[in-house]
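A closer look at the structure
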Amino acid sequence: MSRSQSGYDRHITIFSPEGRLYQVEYAFKAITNASINALGIKGRDCAIVISQKKVPDKLFDADSMSWIFEVSGGVGAVVTGMMPDAKASINRARSEAAEFRYKYGYDMPVDALSKRIANLAQVSTQRASMRPLGISSIYVGVDEEYGPQVFKVDPAGYYTGYKAVAQGPKTTEATNWLEKRYKRSTAPGANGDDDKWCETLDETVEMGIMCLSSVLSVDFKATEIEIGVVEGKDGGKFRRLSVEEIDERLQSIADRD
């Protein structure tokens, strides 16, 4: 530990002379320590989250372990980092969504929910009696006005919308992969080119699988990943894909290769 850092990493509310909050930076490191990579991708009429699924012990019930959560009927999330923190954050998100529906009579939009969770995370960086959660979250949903949406919330309380986003130890590699292959077609009525993007749910899911498989150099089995999807045509309901549905997409990718 450098002399300039010593002492400044013991209190979350104290800036170092370089203008850094070390405890917040340590929270970001906790995300990578989980060794779980996840993605959020927006399609034309859908949004998906996909994550690795690792079972650390053969005696564990694999069905009881998941990084993907349903927050409300139309909003889902994938969380990477410390599992206890993840469950605490998801429980708070569910509470906020339920309170919003009770108060206003309709489901909380995914952008409003992401903003609320980000605000709560940011408060944790201001109080000495609290600590930031060691998690990064991706929320997805289909908005009646704006269509599919993907938002990422980090431990510092920053949130923003994405077309495609990654989190975990391989964030840089996955982001580079997505930047090269995620292309949105031109506006309706314009002179288009050969660029295509995720027209269907199947294409969106397959793009997510191929991204993780490429950056990790792994050929996944259906039980080694988990996927959550939300589609506009389904009334914007979030659901998880079954092992059989995931296996169909893996077979489709294998046939294409």
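Residues numbered from 1 in each chain as written. Predicted model: local features only at pLDDT ≥ 70, side-chain atom pairs only at ≥ 80, totals over all residues. Heavy atoms only, no water.

What follows concerns the packing of helix H5 (residues 201-216) against helix H6 (residues 243-256). Put simply, H5 and H6 touch, their axes get as near as 10 Å, and they point 75° apart. In terms of orientation, H5 lies roughly perpendicular with respect to H6. From H5, Asp-202, Val-205, Glu-206, Ile-209 and Met-210 reach across to H6, where they touch Arg-249, Leu-250, Ser-252, Ile-253 and Arg-256. Of the residues assigned to the contact of H5 with H6, the class counts are five nonpolar, one polar and four charged. (Axes fitted to C-alpha atoms, helices over the stretch in contact; angles between N-to-C directions. Helix = DSSP H or I, 4+ residues; strand = E, 2+ residues; numbered from the N terminus. Parallel < 35°, antiparallel > 145°, perpendicular 65-115°, else oblique. Contact = heavy atoms within 4.5 Å. Nonpolar A, V, L, I, M, F, W, Y, C, P; charged D, E, K, R; others polar.)

Glancing now at the pairing of strand E8 (residues 164-167). Alternating positions in E8 separate into two faces, Ala-164 and Ala-166 on one and Val-165 and Gln-167 on the other, with burial throughout. Pairing of strand E1 (residues 38-42) with E8 involves four bridges; the strand directions are antiparallel. If you follow Ile-41 over to E8, its bridge partner there is Ala-164. (Buried < 20%, exposed > 50% of the residue type's maximum accessible area, 1.4 Å probe, protein only. Pairing = 2+ DSSP bridges.)

Between helix H2 (residues 83-104) and helix H3 (residues 110-123), whose axes approach to 10 Å, the crossing angle comes to 130°. Here H2 is positioned oblique relative to H3, judged by the angle of their axes. For the crossing formed where H2 meets H3, the hand is right-handed. Contacts between H2 and H3 involve Ser-89, Arg-92, Ala-93, Glu-96 and Ala-97 from the former and Leu-113, Arg-116, Ile-117 and Leu-120 from the latter. Here the residues of the contact of H2 with H3 are counted per class, giving five nonpolar, one polar and three charged. (Left-handed = near helix turned anticlockwise from the far one by under 90°.)

What follows covers the sheet that holds strand E6 (residues 147-153). Spatially, the five strands line up as an open sheet ordered E3-E4-E5-E6-E7, and their pairing is antiparallel. Only two strands of the sheet have a single neighbouring strand rather than two, namely strand E3 (68-72) and strand E7 (159-162). With strand direction ignored, the average angle separating the axes of adjacent strands in the sheet is 25°. Note: strand E4 (residues 75-81) against strand E5 (residues 135-143), seven bridges, orientation antiparallel. Residue Val-78 lies in a different strand from E5, and its bridge partner there is Ile-138.

Attention now moves to the confidence of the model for the protein chain. Do not read the predicted coordinates in detail wherever pLDDT is low. Residues at a pLDDT of 70 or more form 89% of the protein chain, whose mean pLDDT is 88. This model gives residues 185-195 a pLDDT under 50, and the stretch forms nine contacts once residues within four places in sequence are excluded. (pLDDT = per-residue confidence, 0-100.)

Quick look at unusual backbone geometry now. Although it is not a glycine, Ser-35 adopts a positive phi angle of roughly 60°. Here Ser-35 is to be found in the loop between helix H1 (22-33) and E1.

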